[in-house]
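Survey of secondary and tertiary structure
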Amino acid sequence: MDGKLLTSSLVHLKGQELRMIYSLLFKTNIVSLISAKTKDLFNKDVDHFNASLEKEIEKLAHISDEALQIDLFLKLTEIYELKGTHYDTAVEIEQKCADIIQSAHEEMLKDEKEYKEFVHSADDKSALQFMIHYQMQKVFSTFDGKFKEFNDKERNDFTEKIHQFLMDLPAEKQAQLKEKLQIDELTNDTVRQIMVTQGSVIVLSIIVEVAGFAAYTTLTTAIATSMAIVGVTLPFGVYTFATTLLSLIINPFVLIPLALGGGGWLLTRQNKHLRKKLVPVVLLQMTLPLIVGVGHEEVEQQNLQAFISRWQHQREKQIELNTLQHRLLKEIAFNEKNARALEKKSSEISKNIANLIEEMEHLHRSFKQMIYSIQPNEQSALYTSLLEISASKKEQIASIEVQIMSNSKQSGFWNTLTSAFDKNSLKNEIRALEKEVDQTENQLVAEFLAMDCAILHQEQQRYAAIQNSMSELNNERSEYSKSSVTMRQDIAKLEAELHDVKKELKEHQKRFYGLKDIV
């Protein structure tokens, strides 16, 4: 029953009242409260908390009622970390609303000793009734002090509103009131008199006990009007919130740690605690109109269907993002598999090329041995000239080596030292000459392979075949490498798109709490 009532209240909540409740619950925090109260000390002509609240309400003007209803519902589930469901039917929503009420009730039982005592002594049967009665008792208690400050006219005006309500009650209810209040007649004078003598809290509580929740509309209207008389001009809903907020910010367990530099973690923790404290007041403000009989079932069904449709729209967006995410993951996996296959093929070709290079180098070394065995009559002029250059370089190397050996035989410190410097210099010359010999022999090999000589045809053909194979393999490897690079670029684009989709999905799930619980 509690869940159904809160569901109905939620979809009936609209306009300024909806934005006020939303702002009070989710735009209010410890820092803003302390700041507002501090400003009040320096400028008592302005209620800075109410001024700040009005600005927050204005910011919500462009957001539809349906969007705020969804937000309010989801944030209430988030406060108590309740898992989300599909919310396809009224039953699912009502069950979650019942969970919200039960969570708020259990939190109050755990944190508030007075509430626990109230529950044990009250006759209410549901968690919502307990919380509403308790919140109203607190309002009555707050008002009691103000009532005692009223002058005769103000008291008379207030009690006249109460008296008019009592006169409209059925005869049996009036009889019960007389019995409980221990009076003979329900007149304005007797009501005013017992409120003065017994206290407004007791009288108002008895009226609610007998008349039921319907009494709240009259009582809250009368209280709100009377508070305006003594200078409190806040809307009644804001006033009940402000009463709760004030009790929190003057709590030393809140102020002292903050004053000592509790940091962002402590602020976050205190703000979560603040919201849990405000939820029961929210439930009071939301459900009271329906409890006293305001609302139409036909309109409720239309509003609830609009609520479900809007939630389904957010679910559909999550499904779209999940589908896109799965598709991208599949494409990335497919492309990754292909890229690895291309890279494996390229690696295999590289191994084949390495084997051919090794075989070519072996043939090249063999050719360097064979170039000196070509008969003079088979040599070209260039070939003969290159042989002579090679022989001349080798003679120079031999001469330098003899010089090094000769220098090493000299004795004496300075001769040994000079010989060591000369040896390094001469070895550098040998290395330079050996490099020139190697270059000359490579030229000879090239001439050797170009000769039209029958005994060389087999070696020449084998060398040419290796060169052709290497050229083909290099081209093939180049194609595989290009394809692999293109594939990797495609994968990078897909991964970037996947990152954006995951980010959007995460933000969407954060924006609409409970979506990520839905498989």
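Reading the values: rules and limits
Residues numbered from 1 in each chain as written. Predicted model: local features only at pLDDT ≥ 70, side-chain atom pairs only at ≥ 80, totals over all residues. Heavy atoms only, no water. Phe/Tyr/Trp six-rings, centres within 6.5 Å; stacked < 30°, edge-to-face > 60°. Helix = DSSP H or I, 4+ residues; strand = E, 2+ residues; numbered from the N terminus. Buried < 20%, exposed > 50% of the residue type's maximum accessible area, 1.4 Å probe, protein only. Lys NZ or Arg CZ within 6 Å of the ring centre and 35° of its normal. Salt bridge = Lys/Arg side-chain N within 4 Å of Asp/Glu carboxyl O. Contact = heavy atoms within 4.5 Å. Core = buried A, V, L, I, M, F, W, Y, C linked by side-chain atoms within 4.5 Å. Expected span 1.5 Å × (residues − 1). Arc of directions from axis to C-beta. Polar contact = N/O pair within 3.5 Å; in protein donor to acceptor, adjacent residues only side chain to side chain.

It is worth spelling out the packing of aromatic side chains at this point. As enumerated under the stated definition, the model contains seven aromatic pairs in all. With 5.5 Å between their ring centres and 80° between their planes, Phe73 and Phe307 make a pair best called edge-to-face. Taken together, the residues Phe73 in helix α5 (residues 65–79) and Phe307 in helix α17 (residues 297–370) connect sequence positions 234 residues apart. Taken individually, Phe73 and Phe307 each receive the classification buried, so the pair is uniform in this respect. Ring geometry for Tyr87 versus Trp311: centroids 5.1 Å apart, planes at 65°, classification edge-to-face. Taken together, the residues span a long stretch of sequence, with Tyr87 in the loop between α5 and α6 (90–111) and Trp311 in helix α17 at a distance of 224 residues. Judged by relative accessible area, which is 1%, Tyr87 ranks as buried. Among the aromatic residues, those joined into a cluster by ring pairs are Phe73, Tyr87, Phe307 and Trp311. When the ring centre of Phe512 is taken as reference, the NZ or CZ atom of Arg511 above it lies at 4.6 Å.

What follows covers the pattern of salt bridges. When the charged atoms of two side chains lie near each other, side chains of opposite charge can form a pair. The final tally for this structure, using the stated rule, is 20 salt bridges. For the salt bridge of Arg488 with Glu343, the shortest nitrogen-to-oxygen distance reads 2.9 Å. Note that Arg488 is positioned in helix α20 (residues 457–511) and Glu343 in helix α17, a separation of 145 residues in sequence. We classify Arg488 as partly exposed; its relative accessible area is 28%. In this structure Glu343 comes out as partly exposed when scored by relative accessible area, which is 31%. In the salt-bridge network here, residues are joined through shared partners; they are Glu336, Arg340, Glu343 and Arg488.

This part takes up the environment of Ile491. The topology assignment puts Ile491 in helix α20. Residues Ile491 and Glu336, 155 residues apart in the sequence, show an inter-C-alpha distance of 7.1 Å. What Ile491 contacts, discounting residues up to four positions off in sequence, is Ile332, Asn335, Glu336 and Ala339.

As a further point, take unusual backbone geometry. Located in the positive-phi region is Glu81, a residue other than glycine, with phi close to 55°. Along the chain, the position of Glu81 falls in the loop between α5 and α6.

Turning our eyes to something else, we now look at the nonpolar core. Membership of the largest hydrophobic core comes to 81 residues, with the highest contact counts inside it found for Leu25, Leu72, Phe73, Leu166 and Leu177. Broken down by element, the residue count for this core peaks at ten residues, all from helix α8 (residues 127–149). One finds Ile349, Met451, Met470 and Leu473 within the second-largest nonpolar core, a separate group that totals 20 residues.

Once that is clear, we can look at helix α9 (residues 152–167). The terminal C-alpha atoms of α9 lie 22 Å apart, and with 16 residues this matches the ideal 22 Å at 1.5 Å per residue to within 8%. Three or more residues of α9 are buried, namely Glu154, Arg155, Phe158, Thr159, Ile162, His163, Phe165 and Leu166. Down the axis, α9 shows its buried residues gathered within 165° of arc, on one side only. Where α9 begins, one side-chain oxygen reaches toward the backbone nitrogen of Lys153, 3.1 Å away; that side chain belongs to Asn151.

Once that is clear, we can look at the environment of Ser350. Relative to the assigned elements, Ser350 resides in helix α17. The exposure class of Ser350 is partly exposed, given its relative accessible area of 27%.

Keep in mind these numbers describe shape, not what the thing actually does.
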